[in-house]
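Each chain, letter by letter, is given below.
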Amino acid sequence: MSIEDFGGGQTPQADVLVVTTNDVPGHQVTQVIGEVFGLTVRSRHLGSQIGAGLKSMIGGELKGLTKTLVETRNQAMERLVDQARARGANAVLMMRFDVSEAADVGTEVCAYGTAAVISRS
């Protein structure tokens, strides 16, 4: 697996900027639209569960589960951006992830933040 399998984030050409900060240097917030989120729930497939169980006996990174979590976070973030875009935003401020177990059958990942319209100062 390559490094691309274990990362995420936006491309430089993104039309909706997503940041974890309250503001964007060199920009001003001209409109706050409100909270937006992207949510997904993923179950683990049997192969990764068996592999994780065996790996937990000897220790080390669970690469299959790591890759699944990266894919899940990226999907949640794509949904966040889609919702922000649909509401007229060109930025999401204060983006965060929340991860939890969903009824012992999968992992719930929620990307959330504040949709806003920003412009250069």
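Overview of the structure.

Parameters at a glance
- For every chain, the first residue of its written sequence is number 1, and the numbers climb from 1 along that sequence.
- Under the rules for a predicted model, residues below a pLDDT of 70 receive no local features and side-chain atom pairs below 80 are neither given nor counted, while totals for whole chains, interfaces and linings still include all residues.
- Excluding hydrogens and water, the side-chain figures rest on all heavy atoms present in the structure.
- By the criteria applied, helices consist of DSSP H or I runs no shorter than four residues and strands consist of E runs no shorter than two, each listed in order from the N terminus.
- Here, expected helix span is obtained from the residue count minus one, scaled by 1.5 Å.
- Residue burial is assigned from relative accessible area. The probe radius is 1.4 Å, only protein chains are included, and a residue is buried under 20% of its type maximum, exposed over 50%, and partly exposed in between.
- What makes two residues a contact is simply this: any of their non-hydrogen atoms within 4.5 Å.
- Lining residues are defined by having an atom within 4 Å of a point belonging to a cavity or pocket. Those points lie on a 1 Å grid over the protein atoms alone, cavities being sets where a 1.4 Å probe fits but cannot get out and pockets being open sets with protein on both sides within 12 Å along at least five of seven lines.
- Grid points are joined across faces, edges and corners, and a volume is the space filled by probe spheres set on the points.
- For this scheme, ten residues count as nonpolar: Ala, Val, Leu, Ile, Met, Phe, Trp, Tyr, Cys and Pro. Four count as charged, namely Asp, Glu, Lys and Arg, and the remainder, Gly too, count as polar.
- Only buried Ala, Val, Leu, Ile, Met, Phe, Trp, Tyr and Cys residues count toward a nonpolar core, and they belong to the same one when joined by side-chain atoms within 4.5 Å.
- Counting of polar contacts relies on pairs of N or O atoms within 3.5 Å, with two restrictions inside protein: one atom must be capable of donating a hydrogen and the other of accepting it, and residues adjacent in sequence are counted only when both atoms are side-chain atoms.
- Surface patches are defined over residues having more than 30% relative accessible area and no salt bridge, joining like charges when they lie within 9 Å and nonpolar side chains (Val, Leu, Ile, Met, Phe, Trp, Tyr) when within 5 Å.
- Throughout, the Shrake-Rupley method with a 1.4 Å probe supplies accessible areas, and for residues the shown protein chains are the sole cover considered.
- A side-chain nitrogen of Lys or Arg and a carboxyl oxygen of Asp or Glu constitute a salt bridge if their distance falls within 4 Å.
- Each pair of strands is called paired provided DSSP finds at least two bridges between the two strands.
- For helices, the fitted axis covers only the stretch in contact; all axes are lines through C-alpha atoms, and the angles between them, taken along N-to-C directions, range from 0 to 180 degrees.

With respect to helix α2 (residues 63-86)
With 24 residues, α2 should reach 34 Å at 1.5 Å per residue; the first-to-last C-alpha distance of 35 Å fits that figure. Residues of α2 that are buried include every one of Val70, Thr72, Ala76, Met77, Leu80, Val81 and Ala84, and no others. The elements touched by buried residues of α2 are β1 (17-18), β2 (27-42), β3 (91-102) and β4 (106-120).

A word on the layout of surface pockets
Empty space within the largest pocket amounts to approximately 210 Å³. Gly9, Gln10, Thr11, Ala14, Asp15, Val16, Asn74, Met77, Glu78, Val81, Asp82 and Arg85 are the residues that line the largest pocket. Here the residues of the lining of the largest pocket sort into four nonpolar, four polar and four charged.

Remarks on the nonpolar core
Core analysis: the biggest nonpolar cluster contains 16 residues, and Val18, Val36, Leu80, Ala84, Val92, Met95 and Ala115 have the highest contact counts within it. Non-local contacts of alanine 115, meaning those with residues more than four positions away in its chain, are made with Val32, Ile33, Gly34, Val36, Ala84, Ala89, Ala91 and Val92. If you look at the next biggest cluster of nonpolar residues, it comprises six residues, including Val19, Val24, Leu93 and Ala116.

Focus on unusual backbone geometry
Within the chain, methionine 94 stands out as a residue other than glycine whose phi angle is a positive 55°. Here methionine 94 lies in strand β3.

What to know about the side chain of threonine 40
Tracing the backbone shows threonine 40 in strand β2. Side chain to side chain, threonine 40 and glutamine 75 meet in a polar contact 2.9 Å long. When sequence neighbours within four positions are dropped, the list of residues in contact with threonine 40 reads Thr72, Gln75, Ala76, Arg79, Thr107, Glu108 and Val109.

A look at a nonpolar patch on the surface
A cluster of nonpolar side chains, contributed by Phe37, Leu39 and Tyr112, occupies part of the molecular surface with about 250 Å² of accessible area. Structurally, leucine 39 can be placed in strand β2.

What about the environment of asparagine 22?
By secondary structure assignment, the location of asparagine 22 is in the loop between β1 and β2. In sequence terms asparagine 22 and leucine 93 are 71 residues apart; their C-alpha atoms lie 5.7 Å from each other. Those residues in contact with asparagine 22, other than ones at most four positions away along the chain, are Leu93 and Met94.

Digging into the sheet that holds β3
With respect to topology, four strands assemble into an open sheet ordered β1-β3-β4-β2, the strand pairing being mixed. The open sheet terminates on both sides in strands that have one partner only, identified here as β1 and β2. As paired strands, β3 and β4 are joined by ten bridges and run antiparallel to one another. Paired with valine 99 across the two strands is valine 109, which belongs to β4. Where α2 meets the sheet, it contacts β1, β2, β3 and β4, and its direction lies at approximately 135° from that of β2.

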